[in-house]
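Observations on the three-dimensional arrangement
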Amino acid sequence: LLIEAADGVKITGYDLVKGIYTNFAADISEQGSVIISARLFDNIIRSLPDDIVTISTDDNNLTRICCGNADFSIMGMYSESYPELPSVEHQKAVSIPQKTMKEMIEQTIFAVSDNEARPVYTGALFEIEAGKLTVVAVDGYRLALRRETPESSDMSDCSFIAPGTALNDLVKMCSDADETVKIVVGNKHISFSVGNCVLITRRLEGEFLDYRKAIPKD
């Protein structure tokens, strides 16, 4: 994880396929940044008491995490070595309530394929047409489809394929609140904004099944 302290705190995770970052307010006594092990940091944070957390680093990136009577020290790395997240050039955007987005994914994700031989089906098709958002997943045996009307959209007749792994992460980010998920679609990447969190993932390329022909009309 890349932790940056400036006007607030920004925490970024990136595995070169998908990335996520979040911002939040904090009392910053000195600006700086450091990379620390995500697994270690997660284990430490989970074990801390309910109190103020203080994080500090020295010139050698030795990172100290203090909270109540807990005191941890772990080695970090220089932030300059962290890979840069891809930027999603704003071309088209659509907004939909978190609860609806969560339901749409949960009711279709089971039909996303896990067969890497056909990568295009390891994701779900998002299609916007005539003011409707349709999510479709297919694995060769099952087809799942859910259609809703988004709150707002500047897209017209647009479609893209989002990886199933990223959609599983998006479900964890969404709550049952009335707040919206904003989806921004670029040439090669998609971003999903939920509150202060932004999930960025690459688009899957390929020809998706013509689902309309696969659904019996009678």
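Anyway, here's the lowdown on the structure attached to this text. (Residues numbered from 1 in each chain as written. Predicted model: local features only at pLDDT ≥ 70, side-chain atom pairs only at ≥ 80, totals over all residues. Heavy atoms only, no water.)

So, the packing of helix H2 (residues 98-106) against helix H3 (residues 164-173)
How we decide: Only the stretch in contact is used when fitting a helix axis, every axis being a line fitted to C-alpha atoms; angles between N-to-C directions are given from 0 to 180 degrees. Note on conventions: DSSP H or I runs of at least 4 residues are helices, E runs of at least 2 residues are strands, and numbering of each starts at the N terminus. Should the near helix be turned counterclockwise from the far one by less than a right angle, the crossing is left-handed, whereas a clockwise turn marks it as right-handed. Any two residues having at least one pair of non-hydrogen atoms within 4.5 Å are treated as being in contact. Note on residue categories: nonpolar means Ala, Val, Leu, Ile, Met, Phe, Trp, Tyr, Cys or Pro, charged means Asp, Glu, Lys or Arg, and polar means any other residue, Gly included.
Relative to each other, H2 and H3 sit at 140°, their axes nearing to 9 Å. Judged by the sense of rotation from one axis to the other, the crossing of H2 with H3 is left-handed. Seen from H2, the contacting residues are Gln 98, Met 101, Lys 102, Ile 105 and Glu 106; seen from H3, they are Leu 167, Leu 170, Val 171 and Met 173. A breakdown of the residues in the contact of H2 with H3 according to their chemical character gives 6 nonpolar, 1 polar and 2 charged.

Here's the deal with the sheet that holds strand S7 (residues 70-75)
Here is the rule: For two strands to count as paired, DSSP must find a minimum of two bridges between them.
Pairing is antiparallel across the open sheet formed by 3 strands, whose spatial order is S5-S6-S7. Two strands bound the open sheet, and with one partner strand each, they are strand S5 (54-57) and S7. On average, adjacent strands in this sheet sit at an angle of 15° to one another, irrespective of strand direction. On top of the sheet, helix H1 (residues 38-47) reaches S5, strand S6 (62-67) and S7; it is set at about 175° to S7, its chief contact.

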